[in-house]
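# Secondary and tertiary structure notes
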Amino acid sequence: MLDLKWIRAHPDALKEGMRRRGAEVPVDELIEVDRAWREKLTALERLKAERNEASEAIGLAKRQGKDASEAIERMREVAARIKAMEQEVEGLEARLKELLLQVPNIPHASVPDGRSDADNVEVRRAGEPRQFGFEPKPHWELGVSLDIIDFERAAKVTGARFAFLKGLGARLERALIQFMLDLHTREHGYTELWPPFMANDASMTGTGQLPKFAADMFRVEGTDYYLIPTAEVPVTNYRMGEIIDGAELPLYYTAYSPCFRAEAGAHGRDTRGLIRQHQFDKVELVKLVKPETSYDELESLVRDAEDVLQRLGLPYRVVALCTGDLTFSSAKTYDLEVWMPSYGRYVEISSCSNFEDFQARRAEIRFRREPGAKAEYVHTLNGSGLAVGRTLAAILENYQEEDGSVRIPDVLVPYMGGVERIAPAG
RNA sequence: GGAAGGGUGGCCGAGCGGACGAAGGCAGCGGUCUUGAAAACCGUAGACGGCCCCGCCGUCCGUGGGUUCGAAUCCCACCCCUUCCGCCA
């Protein structure tokens, strides 16, 4: 959510930001509703001041044993007018809030202009895609032939876009989670959280999934909860409603969670393999920081996520998302894309964003620089560190051998109980 | 699932429908004292919003309704927390 005062002072900057995003936002209506709301509110508050004054006089008169029935009679009428006017003000306020929650974040000045992912800008590459001396297989074929991924039985048990991992496949998933969490907690300074995997409406609104993107999530029937689409939701909202002591900042949190996505609009894309599933594992990184540091913090957040890929020896690149490809809440986003031989291109495996105060304002996360200082909104950031299912897929494809076996990256071998290779049975 | 108790300012904790934005304590901030610090004492002190914005006004005592000229205080519904019982990994 943007600052209403800022919007009033900079309506043109707001329009320009929306134009850069290619977002359709009723800016003029927003500004008009705000104007009408303030006008009504001022009138209402004048009436309330009158009432308060009269009530005080009535109280005083009664205490002195005087008769106040005439004033009470007069105030009865004022009270009715207040009630009616409150209705109007509340109506305008609700509309204003509704409009405000629909407005996406303003792209940072450094974000490249563009309409779609085709306009994203590559920032750097690391590692060389391997030259295979044979025809490499896609991970969904490797997974099945190695008997470590089972899509068919998952379809039977649940449905399309789910998978069983089996044997060393399940073990590899678990090893990756453990490896990532260890790296971020031991070497990058993050505090591990194990969050709830469901969250309420307020949390979903806080990070920006609601009200616009309810259709992308799974609602748990009989409850007021959604399955989380990312650990960003519980972890960012961990400090919601709080005023944090400035000395505590910056706060770094990391969390493993399964992620559940309905992705209603994704039918037909990435239908095979682990790339687009209704449920997947992810290790998330979240930062709460002082505003003036947030863009430096974004760079170091990206480095923390990149470190995972580097240690796993996976070729990747970093791209800066263009204005048209930014998610709703983000002011600036870098995606990490891993080389996926089956796609013959780089595929998103992490998304690292600076939300500035957009989420903090929705979730009411503030801090005080000094004891007694005014409360300010923190800046929030998050990034995948990494999406585990896609990492597993990338390992299978990039580490495959001609005989159909897959080598385990060195750093994972201890986490695999010494297993160095996954080979076909028999 | 059942029973009881409870949600008040950064924290703890009082609060007969009218003098309560809310006693008191702690923490904080400013000052006195001190070589300095601690202690003691004095003062100050919330968040959000509106406006004719160095001030004035409004709102906020879990949330939402209701009663009333007037609600932290009364009524209704809901949410959350704690304890006990049951059930359960």
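Up top is the structure.
Residues numbered from 1 in each chain as written. Chains lettered and ligands numbered in written order. Predicted model: local features only at pLDDT ≥ 70, side-chain atom pairs only at ≥ 80, totals over all residues. Heavy atoms only, no water.

### Quick notes on the overall build of chain A
When helices and strands are counted, chain A shows 12 helices and 17 strands. Reported as C-alpha extents along the three principal axes, the dimensions of chain A are approximately 100 × 45 × 45 Å. Burial status across chain A gives 49% buried among its 426 residues. Within chain A, contacts between residues separated by at least 24 positions form 74% of all contacts whose residues are at least 6 apart in sequence. Accessible surface for chain A amounts to roughly 20700 Å². Of this, 49% is attributable to carbon and sulfur atoms. The distance from the centre of the 57 positive side-chain charges to the centre of the 70 negative ones in chain A is 3 Å. (Helix = DSSP H or I, 4+ residues; strand = E, 2+ residues; numbered from the N terminus. Buried < 20%, exposed > 50% of the residue type's maximum accessible area, 1.4 Å probe, protein only. Contact = heavy atoms within 4.5 Å. Areas by Shrake-Rupley, 256 points an atom, 1.4 Å probe, with all protein chains shown as cover. Lys, Arg positive; Asp, Glu negative; His and termini not counted. Charge placed at Lys NZ, Arg CZ, Asp CG, Glu CD.)

### Comments concerning the sheet that holds strand 14 (residues 375–377)
Judged by pairing direction, the sheet is mixed, and its three strands sit side by side in the order 7-13-14 without closing on themselves. Since the sheet does not close on itself, it has two edges, and those belong to strand 7 (243–245) and strand 14, each with one partner. For this sheet, the mean angle separating the axes of adjacent strands, direction not counted, is 40°. Across three bridges, strand 7 lies against strand 13 (residues 366–368) in parallel orientation. Within strand 13, the residue paired with Asp-245 across the bridge is Arg-368. (Pairing = 2+ DSSP bridges. Axes fitted to C-alpha atoms, helices over the stretch in contact; angles between N-to-C directions.)

### Remarks on helix 4 (residues 69–102)
Between the first and last C-alpha of helix 4 there are 49 Å, a value that for 34 residues agrees with the 50 Å anticipated at 1.5 Å per step. Every buried residue of helix 4 is listed here: Met-75, Val-78, Ile-82, Met-85, Val-89, Leu-96, Leu-99, Leu-100 and Leu-101. Of the surrounding secondary structure, the elements contacted by the buried residues of helix 4 are helix 1 (4–9), helix 3 (27–63), helix 8 (201–207) and helix 11 (358–363). (Expected span 1.5 Å × (residues − 1).)

### Quick notes on the environment of Met-85
Counting through the fold element by element, Met-85 comes out in helix 4. Here Met-85 falls in the buried class, since its relative accessible area comes to 18%. C-alpha separation for the pair Met-85 and Val-220, spaced 135 residues apart in sequence, amounts to 39 Å. Excluding residues within four positions of it along the chain, Met-85 makes contact with Lys-40, Ala-43, Leu-44 and Leu-47.

### Here's the deal with the protein's contact with RNA strand B
Looking at RNA strand B, there are 28 residues lining it, with Arg-8, Thr-42, Arg-63, Arg-76 and Arg-366 nearest. Across the atoms of RNA strand B situated within 4 Å of the protein, the share located in sugar and phosphate is 67%. A distance of 3.4 Å separates a sugar or linking oxygen of RNA strand B from a polar atom in the backbone of Ile-72. Take Lys-374: an N or O atom from its side chain is 3.5 Å from a phosphate oxygen of RNA strand B. When residues of the surface near RNA strand B are traced back to their parent elements, those giving at least two are helix 1, helix 3, helix 4 and strand 13. Sorting elements by how many residues they give to the surface near RNA strand B places helix 3 first, with 15 residues. (Near = heavy atom within 4 Å. Polar contact = N/O pair within 3.5 Å; in protein donor to acceptor, adjacent residues only side chain to side chain.)

### So, the sheet that holds strand 15 (residues 379–387)
Within a sheet, neighbouring strands are paired by backbone hydrogen bonds and run either parallel or antiparallel to one another. Reading across the sheet, the eight strands line up as 1-10-11-12-15-9-8-4 and stay open at both edges, with mixed pairing between neighbours. A strand with exactly one partner marks an edge of an open sheet, and here the two such strands are strand 1 (121–126) and strand 4 (191–193). Put simply, the sheet's adjacent strands are angled 25° from each other on average, direction ignored. For strand 9 (residues 279–289) and strand 15, the ladder comprises seven bridges, and the chain directions are antiparallel. Within the sheet, the bridge partner assigned to Leu-288 lies in strand 15 and is Thr-380. Together, strand 1, strand 8 (251–260), strand 9, strand 10 (316–320), strand 11 (332–340), strand 12 (345–354) and strand 15 form the strand contacts of helix 10 (residues 294–312), whose direction differs from that of strand 15 by roughly 10°.

### Description of the pairing of strand 12
Successive residues of a regular strand alternate their side chains across the two faces of the sheet. Among the 10 residues of strand 12, seven are classified as buried, and the element is accordingly described as predominantly covered. Sheet topology note: the strand 11/strand 12 ladder contains nine bridges and is antiparallel. Pairing of Glu-337 across the sheet is with Glu-348, part of strand 12. Counting the residues that bridge the hairpin from strand 11 to strand 12 gives four residues, and of these Gly-344 lies at a positive phi of roughly 65°. Relative to strand 15, strand 12 is paired through three bridges, and the arrangement is antiparallel. Residue pairing across strands places Cys-352 opposite Gly-383, the latter belonging to strand 15.

### Things to note about the environment of Arg-366
Within the secondary structure, Arg-366 sits in strand 13. Ignoring anything within four residues of it in the chain, the contact list for Arg-366 reads Glu-242, Ile-243, Ile-244, Ala-375, Glu-376, Tyr-377 and Val-378.

### What about the side chain of Gln-400?
Relative to the helices and strands, Gln-400 is located in the loop between helix 12 (388–398) and strand 16 (406–407). Using a relative accessible area of 1% as the deciding quantity, one classes Gln-400 as buried. Engagement of the side chain of Gln-400 in a polar contact is seen with the backbone oxygen of Glu-397, the distance being 3.0 Å. Not counting chain neighbours up to four residues away, the residues in contact with Gln-400 comprise Arg-130, Phe-132, Phe-134, Pro-136, Lys-137, Leu-142, Ile-395, Ser-405 and Val-406.

### A word on helix 10
Each full turn of the α-helix corresponds to 3.6 residues, which orients residues three or four apart in the same direction. With 19 residues, helix 10 should cover 27 Å at 1.5 Å per step; its first-to-last C-alpha distance of 28 Å lies within 8% of that length. Gly-313 lies just past helix 10 and shows a positive phi near 70°.

### Focus on the packing of helix 3 against helix 4
Contact geometry for helix 3 and helix 4: axes closest at 8 Å, N-to-C directions at 155°. One element, helix 3, and the other, helix 4, form an angle in the roughly antiparallel class. Here helix 3 runs over helix 4; the crossing is left-handed. For the contact of helix 3 with helix 4, the residue count by class is 21 nonpolar, no polar and 12 charged. (Parallel < 35°, antiparallel > 145°, perpendicular 65-115°, else oblique. Left-handed = near helix turned anticlockwise from the far one by under 90°. Nonpolar A, V, L, I, M, F, W, Y, C, P; charged D, E, K, R; others polar.)

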